[in-house]
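Residue-level structure breakdown
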Amino acid sequence: MRLTADGLLVEGGAAESSVRYVPSPNCDARPAGMPIELVVVHNISLPPGEFGGPGIVDLFLNRLRPEAHPYYAGIAQLRVSAHFLIRRDGAMIQFVACAQRAWHAGVSHWRGRERCNDLSIGIELEGTDEMAYEDAQYARLNALLVLLKERYPIVAVTGHADIAPGRKTDPGQAFEWSRIKYQ
Ligand SMILES: [Zn+2]
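For the structure given in this document, a descriptive report is provided here. On a predicted model such as this, the values are computed, not experimentally measured, just so you know.

Thoughts on the packing of aromatic side chains
If you walk through the whole model with that rule in mind, you get five aromatic pairs. With 5.6 Å between their ring centres and 25° between their planes, Tyr138 and Phe175 make a pair best called stacked. Linking Tyr138 in helix H2 (residues 135–151) with Phe175 in the segment after helix H3 (160–163), this pair joins segments that are 37 residues apart in sequence. Note on Phe175 and Trp177: the rings are 4.7 Å apart at their centroids and 80° apart in plane angle, and the pair reads as edge-to-face. The exposure class of Trp177 is partly exposed, given its relative accessible area of 24%. Taken together, the ring pairs connect Tyr133, Tyr138, Phe175 and Trp177 into an aromatic cluster.

Below, the structure is given as structure tokens:
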């Protein structure tokens, strides 16, 4: 894998062919001159606790049908995204180029600063707070962090719960921070 100048992930060879770019409209420009200093780790599963379906992509592309599942009625109107999604098998989807601001953090603060979307990259792991993440997800996350740290002045990798305490709980107790090589 490698990153283009705009921060799009592209495949490095056949062995890493499981990278797709599915552009989300839910993004905009970062504030001018704003360095990317933070990576925010999230989890998501749609419907909650179910893996592998189209729900996450549909949500980030604003095409989630509220009638498709009882849970969807409450979230279908959201306009959200993340830069990356890492599926249970390690397959990865990019929704927003890193140069752009994805809408993943919401109301948040980090080291005295607010609106973490301005300065961060959001990575969603397909999962829940309680269920152990897959080895393939840690491997892919670590590989991605290496690339991001080579490109951007990242100083921390944190969880959504850490920048939005009381409002968010992801990536949850199941996430093993000790397995992240680059904090
Ligand atoms: Zn989150």
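Re unusual backbone geometry
Note the cis peptide between Leu46 and Pro47, where omega equals -10°. In this structure, Pro47 sits in the loop between strand E5 (38–44) and helix H1 (55–60). Within the chain, Arg111 stands out as a residue other than glycine whose phi angle is a positive 50°. Mapped onto the fold, Arg111 is located in the loop between strand E9 (109–110) and strand E10 (113–114). Taking relative accessible area as the criterion, Arg111 reaches 61% and is therefore assigned exposed. In this model, Arg115 sits at a positive phi of 55°, which is unusual for a non-glycine residue. Counting through the fold element by element, Arg115 comes out in the loop between E10 and strand E11 (120–126).

Focus: the environment of Asn142
Structurally, Asn142 is set in helix H2. Exposure remark for Asn142: the relative accessible area of 8% places this residue in the buried category. Put simply, Asn142 and Gly172 are 30 residues apart on the chain and 18 Å apart in space, counted from C-alpha to C-alpha. Apart from residues lying up to four places away in sequence, Asn142 is in contact with Arg179, Ile180 and Lys181. At 3.0 Å, the side chain of Asn142 and the backbone nitrogen of Lys181 are in polar contact.

Digging into the pattern of salt bridges
A pair can form between side chains of opposite charge whenever their charged atoms are brought close. Counted under the stated rule, the structure contains 10 salt bridges. Residue Glu67 is joined to Arg65 by a salt bridge in which the shortest nitrogen-to-oxygen separation is 3.2 Å. Note that Arg179 and Glu176 form a salt bridge whose closest N and O atoms lie 3.8 Å from each other. One salt-bridge network, held together by shared partners, links Asp28, Arg101, Arg115 and Asp118.

Re the side chain of His104
Tracing the chain through its elements places His104 in the loop between strand E8 (100–102) and E9. Relative accessible area serves as the criterion here: at 7%, His104 is assigned to the buried category. Of note is the side chain of His104, whose polar atom sits 3.4 Å from the backbone nitrogen of Gly122. Ignoring sequence-local partners within four residues, the contact set of His104 consists of Val40, His42, Ser81, Ala82, His83, Asn117, Ser120, Ile121, Gly122 and His160.

Brief notes about the nonpolar core
Of all hydrophobic cores here, the largest spans 27 residues; its most connected members are Leu9, Phe84, Ile123 and Leu148. Contributions of two or more residues to this core are made by E5, strand E6 (84–86), E11 and H2. Here this core gets six residues from one element, more than from any other, and that element is H2. Counting residues in hydrophobic clusters, the runner-up holds 18 residues, among them Leu61, Leu85, Phe95 and Ala102.

What counts, and at which threshold
Residues numbered from 1 in each chain as written. Predicted model: local features only at pLDDT ≥ 70, side-chain atom pairs only at ≥ 80, totals over all residues. Heavy atoms only, no water. Phe/Tyr/Trp six-rings, centres within 6.5 Å; stacked < 30°, edge-to-face > 60°. Helix = DSSP H or I, 4+ residues; strand = E, 2+ residues; numbered from the N terminus. Buried < 20%, exposed > 50% of the residue type's maximum accessible area, 1.4 Å probe, protein only. Contact = heavy atoms within 4.5 Å. Polar contact = N/O pair within 3.5 Å; in protein donor to acceptor, adjacent residues only side chain to side chain. Salt bridge = Lys/Arg side-chain N within 4 Å of Asp/Glu carboxyl O. Core = buried A, V, L, I, M, F, W, Y, C linked by side-chain atoms within 4.5 Å.

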